[in-house]
Amino acid sequence: MSRHIISILMENESGALSRVAGLFSARGYNIESLTVAPTEDSSLSRMTIVTTGSEEIIEQIKKQLNKLIDVVKLIDLTEAGHIERELALVKLRANNAIDRDELKRLADIFRGHIVDVTPESYVVELTGTGDKIDGFLEALGDRSVIEVVRSGSSGIGRGDRSLDL
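To start, this report covers the structure provided alongside it.

What counts, and where the lines are drawn
Residues numbered from 1 in each chain as written. Predicted model: local features only at pLDDT ≥ 70, side-chain atom pairs only at ≥ 80, totals over all residues. Heavy atoms only, no water. Patch = residues over 30% accessible without salt bridge, like charges linked within 9 Å, V, L, I, M, F, W, Y side chains within 5 Å. Areas by Shrake-Rupley, 256 points an atom, 1.4 Å probe, with all protein chains shown as cover. Salt bridge = Lys/Arg side-chain N within 4 Å of Asp/Glu carboxyl O. Helix = DSSP H or I, 4+ residues; strand = E, 2+ residues; numbered from the N terminus. Core = buried A, V, L, I, M, F, W, Y, C linked by side-chain atoms within 4.5 Å. Buried < 20%, exposed > 50% of the residue type's maximum accessible area, 1.4 Å probe, protein only. Contact = heavy atoms within 4.5 Å. Pairing = 2+ DSSP bridges. Axes fitted to C-alpha atoms, helices over the stretch in contact; angles between N-to-C directions.

1. Section: a nonpolar patch on the surface
On the surface, Leu87, Leu89, Val115 and Val149 cluster together into a nonpolar patch covering about 290 Å² of accessible area. Locating valine 115 in the fold gives a position in strand E6 (residues 113–117).

Okay, structure coming up:
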């Protein structure tokens, strides 16, 4: 079982996301993360799906996705060099000066940015690989975390490898 990042260029039409999710659901495949946003062409959206499976299952997923009418082009980013990032917003309990200093130090170590401060909490913005975000959360432990919001992975091919028409 290997992890794959599949990037899809698709028509920006209502129901397109539902058809992709339905394909995964109907076949019992799991989506670990899913991000969708418009591209520089307003008629197209870029969808990034992170999933796991054997090579045969991943090939089947790609073939089934390519059959969907909304899909214009598809690439498996994990087949070659790529850059992957995830965004996390982490709300932390920060009631006293010692907690605040420690949380600021940890945010700096992980190259995070404190984007909101209240008398009771900090919100740290962190970008990087999923492993980096997991490491930050592990370093914090359960004592400080109030809430975590993660975007899911986004990815792009390195060099001249791109998902364009």
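2. What about unusual backbone geometry?
A positive phi angle, near 55°, is found at arginine 111, a position not held by glycine. Within the secondary structure, arginine 111 sits in the loop between helix H3 (97–109) and E6.

3. Concerning the nonpolar core
In terms of nonpolar packing, the biggest core is built from 15 residues, with Ile8, Val20, Phe24 and Leu65 touching the most fellow members. For this core, the secondary-structure elements that each account for two or more residues are strand E1 (2–11), helix H1 (16–27), strand E3 (44–53), helix H2 (55–67) and strand E4 (71–76). The greatest single-element share of this core, amounting to four residues, is contributed by H1. When near neighbours in sequence (up to four residues on either side) are disregarded, phenylalanine 24 contacts Tyr29, Asn30, Ile31, Ile49, Thr51, Ile61 and Leu65. In terms of nonpolar packing, the next biggest core, distinct from the first, is built from 14 residues, Phe110, Tyr122, Val124 and Leu140 among them.

4. What to know about the sheet that holds E1
Within the open sheet, the four strands sit side by side as E2-E3-E1-E4. Their pairing is antiparallel. Strands with a single pairing partner mark the edges of an open sheet, and in this sheet they are strand E2 (33–38) and E4. Adjacent strand axes in the sheet meet at a mean angle of 15°, parallel and antiparallel pairs treated alike. Summarising the sheet, E1 and E3 pair through ten bridges and their orientation is antiparallel. Residue pairing in the sheet places serine 2 in a bridge with glycine 53 of E3. Contacts from H1 reach E1, E2 and E3 within the one sheet, and its direction differs from that of E3 by about 15°.

Any functional reading would require information beyond the geometric quantities listed.
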